[in-house]
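The primary structure of each chain is shown beneath.
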2 protein chains.
Amino acid sequence: MVRKENLVVKHEIRGGTGDVYMYHILEENELMGHGTLYARVVLPPGSSIGYHRHVGNTEPYYILKGSGIFVDEKGERVPVQAGDVCVIACGESHGMENTGKEDLEIMALIINEG
Amino acid sequence: MVRKENLVVKHEIRGGTGDVYMYHILEENELMGHGTLYARVVLPPGSSIGYHRHVGNTEPYYILKGSGIFVDEKGERVPVQAGDVCVIACGESHGMENTGKEDLEIMALIINEG
């Protein structure tokens, strides 16, 4: 069965700045208890996902397009670009900022702890 | 922690045609028992992922770029493009073909049955 992605616009997500466009691929019930989010996420220039902690799950970010700053589990600011995979362990924190001039597109998958 | 995607080139995958470029985001152990594959998959023009069944898991395809044909659970050939989500239930079959002139890029996530 083929359907369209499901766009939800979020404002100042996780304490970040600006609007973030979340194109949901699966809804939470479709992850069948294994996770809670599977989406392509678009951050326009200047927008960010605030620094937040993942308790009982993790959320790898995968950079599809653009560039920005990944704030890692130590709070360090790491420049990232397409092809980069940003991982944290369950219980750790992260954030993402679009510091570039083009949209920053990432894949977000929240999977539960094993 | 930031690292690069992990490229693995597959030939005639699942009985399909040509080469398919799999950019792994997580390795199987990192899915912590919830699934077996999380990758961006690039099909050059003329290549395909052969029709195959998912027993005990499912694999939504999400179209990032390009166009092609999704072969659904009934064997029907459905034209797809960026933003389309191709879902099957656990136990059902699917395939994907790049019938266009540009690369077809999709996200593949194999998650276990609930």
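Residues numbered from 1 in each chain as written. Chains lettered and ligands numbered in written order. Predicted model: local features only at pLDDT ≥ 70, side-chain atom pairs only at ≥ 80, totals over all residues. Heavy atoms only, no water.

Engineer: Tell me about the interface of chain B and chain A, and name the residues and values.
Structural biologist: Tallying the contact residues gives 37 residues for chain B and 37 residues for chain A. Together, the buried faces of chain B and chain A total about 3,100 Å²; carbon and sulfur atoms form 64% of this surface. Here chain B and chain A share two salt bridges between them. For the salt bridge of D84 of chain B with K4 of chain A, the shortest nitrogen-to-oxygen distance reads 2.6 Å. Inspection of the region where chain B meets chain A yields 19 residue pairs in polar contact (both at pLDDT 80 or more). Take the side of chain B that touches chain A: its biggest share by element is five residues, from strand β12 (residues 104–112) of chain B. Across the side of chain B that touches chain A, the residue classes break down as 22 nonpolar, six polar and nine charged. Alignment of strand β1 (residues 2–4) of chain A against strand β10 (residues 84–86) of chain B, held across three bridges, turns out to be antiparallel. Paired with V2 of chain A across the bridge in β10 of chain B is C86 of chain B. (Contact = heavy atoms within 4.5 Å. Buried area = accessible area lost by both parts, 1.4 Å probe. Salt bridge = Lys/Arg side-chain N within 4 Å of Asp/Glu carboxyl O. Polar contact = N/O pair within 3.5 Å; in protein donor to acceptor, adjacent residues only side chain to side chain. Helix = DSSP H or I, 4+ residues; strand = E, 2+ residues; numbered from the N terminus. Nonpolar A, V, L, I, M, F, W, Y, C, P; charged D, E, K, R; others polar. Pairing = 2+ DSSP bridges.)

Engineer: Give a detailed account of the side chain of S48 of chain A, specifying residues and quantitative values.
Structural biologist: Residue and element names in this part refer to chain A. Positionally, S48 belongs in strand β5 (residues 48–53). Judged by relative accessible area, which is 10%, S48 ranks as buried. When neighbours within four sequence positions are excluded, S48 is seen to be in contact with I13, G16, T17, V20, L43, M96 and E97. (Buried < 20%, exposed > 50% of the residue type's maximum accessible area, 1.4 Å probe, protein only.)

Engineer: Please give an account of unusual backbone geometry that cites residues and values.
Structural biologist: One non-glycine residue, R14 of chain A, lies in positive phi territory at about 55°. As for its position among the elements, R14 of chain A is in the loop between β2 (6–11) and β3 (19–26). Phi at E12 of chain B is positive, roughly 50°, even though this residue is not glycine. Turning to its location among the elements, E12 of chain B is positioned in the loop between β2 (6–11) and β3 (19–26).

Engineer: Please give an account of the sheet that holds strand β9 (residues 77–81) of chain A that cites residues and values.
Structural biologist: Residues and elements named next belong to chain A. Read from one edge to the other, the open sheet built from four strands follows the order β5-β11-β8-β9, with strand pairing classed as antiparallel. In this open sheet, the two edge strands, each paired with only one partner strand, are β5 and β9. Each strand of the sheet is rotated relative to its neighbour by a mean of 20°, with strand direction disregarded. (Axes fitted to C-alpha atoms, helices over the stretch in contact; angles between N-to-C directions.)

Function-wise, these values are silent; they only describe arrangement.
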